[in-house]
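# What the coordinates show
The residues making up each chain are set out below.
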Amino acid sequence: MNLTHTPHANRLHITLFGKRNSGKSSLINALTGQETALVSDLPGTTTDPVSKAMEVPGIGPCLFIDTPGFDDEGELGDLRIERTRQAVEKTDIALLLCGGDASNANPDLNEDLLWFRELKSRNIPIILLINKTDIRKDTKNLAERIEALCGSSPILVSAKERIGIEAIRQSILEKLPEDFDRQSITGRLVDDGDLVLLVMPQDIQAPKGRLILPQVQTIRELLDRKCIVMSCTTDKLSETLSVLSSPPKLIITDSQVFKTVYEQKPAASRLTSFSVLFAGYKGDIEYFVESAAAIDSLTESSHVLIAEACTHAPATEDIGRVKLPRMLRKKVGEKLAIDIVSGRDFPQDLSSYDLIIHCGACMFNRKYVMSRIDRAKEQKVPMTNYGVAIALLSGILDRIEY
């Protein structure tokens with residue numbers, strides 16, 4: 001990834017939903033000003049979600065996502081619809097194209113209404129649209145029907161003629177989530193002028209010649225907040241502390257070396273980890289800390305799910321696949337059952353698990369992480385985070401900052 005680009009996970013996710021041939025692909029091209037999605041008169045041209053990252057004036061970095069039609073048919077159609085459903089989980093704002101193909105002057109709106117209700121039930125801001133108004137018959141009647149069913153007026157759009165594009169942009173601005181662009185990685189932990197020390201072991205999981213994404217994002221935010229930033233590897237921590245005239249206000253470490261750093265840190269320095277910070281930045285830190293207590297109740301007959309966002313090839317000492325399971329089994333017993341999933345693979349049914357431990361999720365947007373947390377809460381399964389779990393297993397959870 002080019003480090004001058006905003007990561008996809010930090011962009012506002014705007015997803016287009018609608019029936020086949022409703023003009024989603026044409027509209028995303030009009031919105032982005034580029035030929036982002038393949039356009040055709042044939043229904044079902046979009047077979048997988050297509051995304052385009054761009055900067056929108058007044059909004060900032062966005063990710064537009066074009067989805068397959070939710071009225072697709074057949075076995076492959078069912079798979080495509082499932083991909084569309086998965087896109088809902090990471091959607092910050094939904095553009096719902098109502099009325100389907102413009103050739104029908106009196107279209108059936110039942111499926112549009114079902115998807116409207118589905119999006120609304122997930123508290124996703126919805127912008128209703130009628131596309132292809134340059135060729136559609138009786139647009140006024142259709143708009144009135146949609147307003148009667150959904151309680152708000154649709155924006156009239158023609159992607160081909162670029163009609164209504166600015167109205168969509170303005171509506172996106174009005175519907176921005178309240179906490180969007182207000183989230184902070186380091187939150188209340190630092191102030192202007194604070195000295196912050198980053199302890200970053202460059203192990204086998206770190207890309208050669210580069211830093212991992214949470215480290216890069218944290219450094220950038222600290223610099224933006226006018227902090228004084230220093231960094232070292234774990235083996236140089238003692239030497240680094242010895243050359244400082246005063247202790248750091250905050251030490252941020254890799255969770256894997258939590259205990260080592262805790263034992264060496266000055267009493268005046270506060271301690272946290274990249275994973276713990278991202279637990280609050282991307283998810284629900286209070287719930288993660290509360291859920292960590294479930295670790296003490298695990299037995300050898302318990303079942304744990306470890307979920308990581310990345311789909312990298314497993315490293316020899318991978319934290320999620322090797323180190324964390326080793327720590328859990330050392331505490332609970334070797335027979336503890338542990339399942340590991342990565343990327344978008346996350347079970348719908350979580351009821352068989354006694355605990356879920358999630359990574360920092362730097363590759364996911366907050367909306368998607370919160371959808372996983374909500375699923376766990378609904379099924380009454382405790383869910384925590386790598387850093388929080390390691391802090392508890394190291395006996396220092398009550399002595400770290402979040």
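What counts and what doesn't
- Residues numbered from 1 in each chain as written.
- Predicted model: local features only at pLDDT ≥ 70, side-chain atom pairs only at ≥ 80, totals over all residues.
- Heavy atoms only, no water.
- Buried < 20%, exposed > 50% of the residue type's maximum accessible area, 1.4 Å probe, protein only.
- Helix = DSSP H or I, 4+ residues; strand = E, 2+ residues; numbered from the N terminus.
- Pairing = 2+ DSSP bridges.
- Salt bridge = Lys/Arg side-chain N within 4 Å of Asp/Glu carboxyl O.

What follows deals with the pairing of strand S11 (residues 303-308). Within S11, six of the six residues are buried, which leaves it mostly tucked inside the rest of the structure. Every second residue of S11 is oriented toward a common face, with His303, Leu305 and Ala307 on one face and Val304, Ile306 and Glu308 on the other, all of them buried. Sheet topology note: the S11/strand S12 (residues 337-342) ladder contains six bridges and is parallel. For Ile306, the partnering residue across the bridge sits in S12 and is Ile340. Of the strand pairs in this sheet, S11 and strand S13 (residues 355-358) are connected by four bridges, and their pairing is parallel. Its bridge partner being in S13, Ile306 is matched across the sheet by Ile357.

Let's shift gears to the pattern of salt bridges. If you walk through the whole model with that rule in mind, you get 17 salt bridges. Put simply, Arg375 and Glu89 hold a salt bridge, and the shortest N to O gap is 2.3 Å. One end of the pair, Arg375, is in helix H12 (residues 366-378); the other, Glu89, is in the loop between helix H2 (74-88) and strand S4 (93-97), and 286 residues separate them in sequence. Exposure remark for Glu89: the relative accessible area of 10% places this residue in the buried category. Across the pair Arg321 and Glu308 runs a salt bridge, and its minimum N-O distance is 3.2 Å. One end of the pair, Arg321, is in helix H11 (residues 319-332); the other, Glu308, is in strand S11, with 13 residues separating them in the sequence. The class of Arg321 is partly exposed, set by a relative accessible area of 29%. Connected via shared salt-bridge partners are Arg20, Asp71, Asp72 and Arg80.

A word on the sheet that holds strand S5 (residues 126-130). On the basis of which strands lie adjacent, the open sheet formed by six strands has the order S2-S3-S1-S4-S5-S6 and mixed pairing. For this open sheet the edge positions go to strand S2 (50-56) and strand S6 (155-156), each flanked by a neighbour on one side alone. Pairing geometry for strand S1 (residues 12-18) and S4, over five bridges, is parallel. Paired with Leu16 across the strands is Leu95, a residue of S4.

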